[in-house]
Amino acid sequence: RPATYMSPIPMPTTTPVRVAIVGGGLTGAAVGRALRRALPAESVVVWEGLAQLGGRMMTERTTVLGGATGLADSGAQYVTVTDDADVAEAHKPLYDSLAAAGVLVPMRGRIEGGRAADGGGTNYVAPQGVASIVERVFSMSSLSPCCSRRAAALRHVAARGEEARSRWELTSADGRCEQFDGVVVACPIPDMLALIDTGEGGAWLDGASGVGRADLTGVQYSSRYALTLFYPASAAAVFAAHIDWAARYVSKADDDAIVYLAHDSAKRGGEDGGAVSLVVHTSVPYGIRALKAAEPEESVLADLRARVGKLLPWLPEPESLVLRPWRVSQVRYPVALPGGAACLPLRPAAGGRAAPALVLAGDAFSPLGSRFDGCVQSGESAAAAVLAALVGT
């Protein structure tokens, strides 16, 4: 395994344990998959604050005229295998499993333009949308995440009587309260800090050596808007007559606000009677400016539709559309952890082997950053850190 993993994963003691994963995105799914190698399904609990899984691997779903189903990826667009040969080899079983299930397929459509950040690895798409990747990873681990359960408070509960270990008490926004022997927080850093600061976890971070609060608050995320337009299946012929790309990176000379267009239904190979979809991503400066100015969504929507109309003047009128503001999107530069680690375990400054495990994970902690392999790498590392803490190593 790459040096960024804490391996091999140890088997915990025979005493029943419970581990909570806060976040139902790709990192949370990777944590769950890794934990299930050592723990039964009933020992792993996943809380996701949104109504659907995926996090930034977001798939919009709708129904258009005639009953056709419309899908579109408004967050992550496609999966590019990392150029890091060791990590790629470590993750090959996961890629193979997803491909065997038809969840991932090689991208056949043409990408016009490009970006250096993608690297030279194989591009994959998800025929049923990128959210289906996360859903599948949870499913193959026999885990059933609890959606619409936002973690609102995390409190350290001291050991009682003969108990050898203290625990974490996790409380949801709707008042549900459960205790766990370990917690992995796998959500964007702003949400992560808000949660651990409700209890002792914030002090543990402040007392950490090597990496501290300033390093986390200094992480910058890109902010942008994603506009998704849905059309009836009959619009497929119009699209085919005008464009031959599945995705296009837009130059600043062509538009100073829009950076990416995706003929999303074609990108996923899904135009077989289903709805046609077009996804538009704005630039980060445009997103930051509009979000900071609290621009009304109606104004942003009108501006973006006018810009898209100039880029693609042949577009028919959409049947439905979704404007999604991504305040927290990709990580610009991940936290530089000691030794190239991919997660951040926290412990009280006073030490103590019986302290419950608390691990921070996500693309912000992986040296690979905001990409599929970065999230999986951090998830694997976080699971190993929790299991190591449970056996007192």
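Quantities reported herein were computed from a predicted structural model and do not represent experimental measurements. The residue numbers shown here count from 1 along each chain, following its written sequence. A pLDDT threshold of at least 70 governs which residues receive local features in this predicted model, and a stricter bar of 80 or more applies before side-chain atom pairs are shown or counted, although totals over entire chains, interfaces and linings include all residues. To get the side-chain values, all heavy atoms of the structure are used, and hydrogens and water are removed first.

Undergrad: Explain the sheet that holds strand β6 (residues 105-106) to me, please; I cannot follow it from the model alone.
TA: Whenever strands of a sheet pair, they do so through backbone hydrogen bonds, lying parallel or antiparallel. Whether two strands pair comes down to DSSP finding at least two bridges between them. Secondary structure elements follow DSSP: runs of H or I of four or more residues count as helices, runs of E of two or more count as strands, with numbering from the N terminus. As summarised here, the arrangement of the three strands in space is β5-β8-β6, forming an open sheet in which the pairing is antiparallel. Of all the strands in the sheet, the pair left with one neighbour each is β5 (79-80) and β6. Where β6 meets strand β8 (residues 123-125), two bridges bridge the pair, whose relative direction is antiparallel. Each bridged residue has a counterpart across the sheet, and for V105 the counterpart in β8 is V125.

Undergrad: Would you mind going over helix α10 (residues 297-311) with me for this structure?
TA: In this model α10 runs 21 Å from its N-terminal to its C-terminal C-alpha over 15 residues, within 8% of the 21 Å that 1.5 Å per residue would give. Burial classes follow relative accessibility: with a 1.4 Å probe on protein chains only, a residue under 20% of its type's maximum area counts as buried, one over 50% as exposed, and anything between as partly exposed. Every buried residue of α10 is listed here: V300, L304, R307, V308 and L311. Summarising the axial view, the buried residues of α10 lie within an arc of 100°, below the 170-degree limit, and thus occupy one face. Of the residues in α10, the exposed ones pointing more than 90 degrees away from the buried face are E298 and K310. Contact partners of the buried residues in α10: β13 (224-231), β14 (247-249), β15 (258-262), β16 (276-282), α9 (284-292) and β17 (320-326). Expected span of a helix: the number of residues minus one, times 1.5 Å. In this description, the arc belongs to the directions extending from the helix axis to the C-beta atoms. Contact between two residues is taken to exist if any of their heavy atoms lie within 4.5 Å; hydrogens are not considered.

Undergrad: Just checking my understanding: could you explain the pattern of salt bridges for this structure?
TA: Opposite charge on two side chains makes pairing possible when the charged atoms of those side chains draw close. Salt bridge criterion: a side-chain nitrogen from Lys or Arg within 4 Å of a carboxyl oxygen from Asp or Glu. A full pass over the atoms with the stated rule returns 23 salt bridges. Note that D244 and R110 form a salt bridge whose closest N and O atoms lie 2.6 Å from each other. Of this pair, D244 sits in the loop between α7 (236-242) and β14 while R110 sits in the loop between β6 and β7 (111-112), placing them 134 residues apart in sequence. With a relative accessible area of 59%, D244 lands in the exposed category. A salt bridge links E317 to R305; the nearest nitrogen and oxygen atoms lie 3.1 Å apart. Taken as a pair, E317 in the loop between α10 and β17 and R305 in helix α10 lie far apart in primary sequence, twelve residues in all. What you see here is one network of salt bridges that share partners, running through R110, E112, D244, R248 and D254.

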